[in-house]
Amino acid sequence: MYANRFLKISSLNLQNSVRFNHAHQLKSDIQRRHIDKVLIANRGEIACRVMRTARKLGVRTVAVYSEADKNAMHVEMADEAYHIGPAPSTQSYLNTSKILEVAKRSKSQAIHPGYGFLSENVEFCKQCADEGVIFIGPPTSAIRDMGIKSTSKAIMSNAGVPIVRGYHGEDQSIERLQAEAQKIGFPLMIKAVRGGGGKGMRIAMTEAEFLPQLESAKRESLKSFGDESMLLEQYITDPRHVEVQVFADMYGNAVHLFERDCSVQRRHQKIIEEAPAPGLSEDTRRQLGEAAVRAAKAVGYVGAGTVEFILHRVTHEFHFMEMNTRLQVEHPITEMITGTDLVEWQLRIAAGEPLPVSQEDIVRRGHAVECRIYAEEPRAGFLPRAGTLHRLTQPTPEENVRVETGVREGHEVSVHYDPMIAKLVVWGQDRNEALARTKRKLSEYQVAGLETNVNFLLRLSGASAFVAGDVHTAFIPQHEAELFPQSDTVLSEDKAIQAALGYVIKCQKDSTANNSWKGISIKPTAWRPNYNLEKIVNLKFDDKDTKVTIKYQNAPNTYQVKVNDGEWKSVEGALKATEQGLRLVSKLDGRTSNVGFLTHDNEIHVYDENGQTVLHLPQPKHQGPSGQDSTSSANVAFSPTAGVMEKILVSKGDKVVKGQPVFVVIAMKMEYVVRSPRDGVVSEVAKFVQGDAVGKGVQVVTLESES
C-alpha cells in the first residue's frame, strides 16, 4: 500500500542493517542498531498504520491497550498485545513505567510513539535511552528545545528563520503577561509553552478578553501538559497555516518533502489538509523548504518532523510558528505526492541507517487531500460525540485512495480519547481531480449510531472559495452560510418519500408473523396484492413532523405516495442488498435514484451524493436531555457531551447571570465551559467531583429565580 511510487529505492531489511547505496558521508562512530520487534505506544489508526509498515519490513509488533481498548483493531493487528491500565490515558497510554516494563517483557528493541500521548515527551524519551530502548523519534534535546516554544523561537531566530513578534519570557506573572500583551497589541494569540494540537491556545481579540482567555488557556495547558506557562504572539488575522515535512538522519543529512496546507480548521485543530499548498509560487515553496531544513539542522534533528509556518494570505510572507517533533496526523498526503513511506524511513533511520535520498532525488507529483472523519456534531460547535458505531461503511481503498482507521463497525468511540474515526486520503493528477475524488469517496461513508462530520466535509470540499484555493484559518466562520445552509434543516419531499418508502418495503420484507411496525399505521390490517392498502409513516426531521401516506398498487413495486396534504404521486421502488448494505432504487417524476438505506433503532438513514439524511420515527414526548420539559430545561445547565467533570464553578445559593460559566467538562481531550442559561440563583448542584464521568445531557446545575 505504501510503495515508493516515485522514488527508486532498493528494498532493505532492518534485521540485516544493510546500507543504502548513495553518496552520503557516514560517521564511523554511529553504531547500527538491530530492530526486529517494535512496541507501538499508541492506539487507533496510527498504531495500525505503523503496524502495516512494520509487517512489510518483517518487524514484529507489540500493542499496548487500556481497558477501553481491549477489543480494538490495533490489538487484533499486533503480533503481541499487553493490557496497561484503565481507560483514562493518564493511567494507561501515558503510564511510562508500565510501557517500558512491557517493552522489556516483550523484548522489544524499539518504541514507536505515534503522535500525541508520549510522542513529544522529553522525560519518556530520556527514560527509553536509560533503559536501552530505541525511541523512534528525535533526540531528547530536540524535543526539549522545540517543545518549549520560547526556546524554539530563539533558536529559529538565530538560524535565520523568520518568527512572529511576541513575548516568550520566563516571567509568568499575570502582571507581566498583561503588560506584554498591551505592548504587542490586540488581537493576540495566547499559547501554551508546551502546547500542541490546539490545546492551551486562545485568542484575545480585545484587552477585555485577555484575562478570561488567559485563565482558560492556563487551565487547559496544565491539564494537558502539566505546565501552565504561556507565550504571547501577535495574532495575524486570517493567515494560512502551511507546514513542511522534514526528515534527518544521524549523519547530519536533512531533506524536506515539500509543504502541506492545513489552514481550514475548527477549534484550532485541522480538519482537512492538502499537499502541495495551493496557489504558491515555486520560489515561495523553495524558500519554505529551505527554511524548514535550516530549522531541523539548527536543533540537531533526527527522524520525521514538521516545521509549521504562518503565511500571509496575500503577500505569502511566512513566519515560524512551531516544530512538531514527531510524525504528523496528515503525513499520508506527503507520502501520496512523493511516493514514500515515512514510517519505513523512521524505522530505518532509528536503526542507524542514513537517509535513502538527497534533496534532488525527491520528486513532487500530483495533489493529495486528507479529510479527518470525526464523531462530532458540526452544527453544535463541532462538539465531539462518544458511543457505538452501529454501522460503519467506508470507501474501498484503491491505488489512489487510502482509508486510515483504527475502528470497525460495532466498536466504541470512547469519551477518553480523540473522536477521530478515520482519515480519508486521496490523490489526483491535479487539485481539481483530487477534490472531485474526495467528494465521491466521502459520499460512500455510511455511519449510524454517532453523528459525524462527513456531510460537513462534503460541503467544505465543494465550497466555491475552497475550490478556488482561497483557504485560511478563518475559512469556516467566514463561509458559515455556505457550509451550514438553511436548506439542511428542511426536509425535501423526495427525501421524505425515499425514507418512508424504503422503511415500508423493509418492514414488509422483515415481517413474517404480524404487520405491527413501529412508526406505521396500517389500513386495513393485511398486506396483499390487489388490496388498496394505505400506510402512514410519521417522520421527524429537525424537530418538524412530516406524514407520508403510501398505497400499494397492482403493478409490481409500484406505489402511490403523498407527503402531508400534498398531491398523490406514482413511485416505483425496490430495496437491493449489496456488499455496502441496502440500496433503495426508486423512480419518481421520471427520475431514477439509487441511494443507500439503513434503519437503526428509531432512525432512518438515507445516503446519497450529498451525504446522509437522518430521520426519526415518533418517540414518547419528553423534552430536554434529562426528560425535562421545555420550561424546566431553561432552568438547568446540562453537560453538552459525555465526558469527565473538570470543575464546578458555583455553589448552592450563588447568584448567576446568563452566560456565566458554571462548570467545566473535559471530553475527548477538549475543554467545554458550560454557562448559565439565564439569570437566577443556584438551587441545586449535582454531586460531582473532579474526575467523575458525566453523561451527555446530565443535569449538573439547577436554577431558580431570585424572587
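Model, not experiment: these values are computed from the prediction. (Residues numbered from 1 in each chain as written. Predicted model: local features only at pLDDT ≥ 70, side-chain atom pairs only at ≥ 80, totals over all residues. Heavy atoms only, no water.)

## A closer look at the side chain of Arg-372
To keep things clear, this is the line we draw: Labels follow the DSSP assignment, with helices taken as runs of H or I lasting at least four residues and strands as runs of E lasting at least two, numbered in each case from the N terminus. A 3.5 Å cut-off defines polar contacts: any pair of N or O atoms within that distance qualifies, except that in protein one atom must be a possible hydrogen donor and the other a possible acceptor, and neighbouring residues in sequence count only when both atoms are side-chain atoms. Residues are treated as being in contact if the distance between any of their heavy atoms lies within 4.5 Å.
Within the secondary structure, Arg-372 sits in strand E17 (residues 367-374). A distance of 2.6 Å separates a polar atom in the side chain of Arg-372 from a polar atom in the side chain of Glu-273. Apart from residues no more than four positions distant in its own chain, Arg-372 is found in contact with Lys-270, Ile-271, Glu-273, Val-329, Glu-330, Met-420, Ala-422, Asn-453 and Leu-457.

## Looking at the pairing of strand E42 (residues 699-704)
Applied cut-off: Any two strands between which DSSP finds at least two bridges are classified as paired.
As judged from the 3 bridges shared by strand E35 (residues 636-638) and E42, these two strands associate in the antiparallel manner. Along E42, the bridge assignment pairs Ala-637 with Val-701. Here strand E40 (residues 680-685) runs beside E42; their pairing, made up of 4 bridges, is antiparallel. Across the sheet, residue Glu-684 finds its bridge partner in E42, namely Thr-702.

## A look at the nonpolar core
Here is the rule we go by: The criterion is simple. A nonpolar core is a set of buried Ala, Val, Leu, Ile, Met, Phe, Trp, Tyr and Cys residues joined through side-chain atoms within 4.5 Å. The buried label goes to any residue with under 20% of its type's maximum accessible area, the exposed label to any with over 50%, and the partly exposed label to all in between, with areas taken from a 1.4 Å probe on protein chains only.
With 46 residues, the main nonpolar core has Ile-35, Val-38, Met-51, Phe-247, Leu-257 and Trp-345 as its most contacted residues. Secondary-structure elements contributing two or more residues to this core are strand E1 (37-40), helix H1 (44-56), helix H2 (73-77), strand E11 (254-261), helix H10 (331-338), helix H11 (342-350), E17 and strand E24 (420-428). Judged by nonpolar contacts, the second largest core, of 38 residues, contains Ile-373, Val-403, Val-407 and Met-668.

## Observations regarding the environment of Pro-640
Mapped onto the elements, Pro-640 comes out in the loop between E35 and strand E36 (643-648). The exposure class assigned to Pro-640 is partly exposed, which follows from its relative accessible area of 25%. In the structure, Pro-640 is positioned 255 residues away from Arg-385 in sequence and 9.6 Å away in space, judged by C-alpha atoms. Discounting residues that sit within four places of it in the chain, Pro-640 has contacts with Leu-383, Arg-385, Val-674 and Lys-696.

## Describing the sheet that holds strand E4 (residues 110-112)
Pairing in this open sheet of 5 strands is parallel, and the strands run E3-E2-E1-E4-E5 from one edge to the other. A single partner strand is all that each edge strand has here, and the edge strands are strand E3 (80-85) and strand E5 (134-135). The pairing of E1 with E4 spans 3 bridges and is parallel. Bridge pairing in E4 places Val-38 opposite Ala-110.

## A closer look at the packing of aromatic side chains
Threshold: Working definition: rings of Phe, Tyr and Trp (its six-membered ring) pair if their centres are within 6.5 Å, and the pair is stacked with planes under 30 degrees apart, edge-to-face with planes over 60 apart, and tilted otherwise. Charge over a ring is defined by NZ of Lys or CZ of Arg lying within 6 Å of the ring centre and within 35 degrees of the ring normal.
For the structure on display, the rule yields 11 aromatic pairs. When the centroid spacing of 6.1 Å and the interplanar angle of 80° are considered together, the rings of Phe-124 and Phe-135 count as edge-to-face. Taken as a pair, Phe-124 in helix H4 (residues 122-130) and Phe-135 in strand E5 lie far apart in primary sequence, 11 residues in all. Here the two residues Phe-124 and Phe-135 agree in accessibility, since each one is buried. Considering the side-chain rings of Phe-186 and Phe-210, the 6.4 Å spacing of their centres and the 70° angle between planes classify their relative orientation as edge-to-face. One end of the pair, Phe-186, is in the loop between helix H7 (174-184) and strand E7 (188-196); the other, Phe-210, is in helix H8 (residues 207-225), with 24 residues separating them in the sequence. Its relative accessible area of 27% is what places Phe-186 among the partly exposed residues. Look at Phe-210 and you get buried, because its relative accessible area is 1%. In this structure an aromatic cluster arises from ring pairing among Tyr-93, Phe-117 and Tyr-417. The aromatic ring of Phe-258 is capped on one face by Arg-364, whose charged end is 5.4 Å from the ring centroid.

## Quick word on the sheet that holds strand E37 (residues 655-656)
Ordered in space as E35-E42-E40-E37, the 4 strands form an open sheet in which the pairing is antiparallel. Single-partner strands in this sheet number two, and they are E35 and E37.

## Observations concerning the confidence of the model for the protein
Here is the rule: For every residue, the pLDDT score states the predictor's confidence, bounded by 0 at the bottom and 100 at the top.
When pLDDT is averaged along the protein, the result is 89, and 90% of the positions lie at 70 or above. Taken together, the stretch residues 8-13 has pLDDT below 50 and engages in 16 contacts with residues farther than four places along the chain or on a different chain. Low confidence marks residues 621-631, where pLDDT is under 50. Its contacts with residues over four positions away, or in another chain, come to 14 contacts.

## Side note on H7
Rules: Here the arc refers to the set of directions running from the helix axis out to each C-beta atom.
Among the residues of H7, Leu-177, Glu-180, Ala-181 and Ile-184 are the ones counted as buried. Seen from one end, H7 has its buried residues packed into an arc of 105°, which puts them on one side. What points out from H7, more than 90 degrees from its buried face, is the exposed set Glu-175 and Lys-183. Phi for Gly-185, located one or two positions after H7, is positive at around 95°.

## Topic: the pattern of salt bridges
For clarity, the threshold we go by: Salt bridges, as used here, are contacts in which a Lys or Arg side-chain nitrogen is within 4 Å of a carboxyl oxygen on Asp or Glu.
Evaluation of the coordinates by the stated rule reveals 57 salt bridges. Here Glu-377 makes a salt bridge to Arg-385, at a shortest N to O gap of 2.5 Å. The salt bridge involving Lys-441 is made with Glu-444; its shortest N-O contact spans 3.3 Å. When its relative accessible area of 29% is taken as the criterion, Glu-444 is described as partly exposed. One connected set of salt bridges, linked through shared partners, spans Arg-49, Arg-52, Lys-56, Glu-335, Asp-341, Glu-344, Arg-348, Glu-353, Arg-402 and Glu-404.

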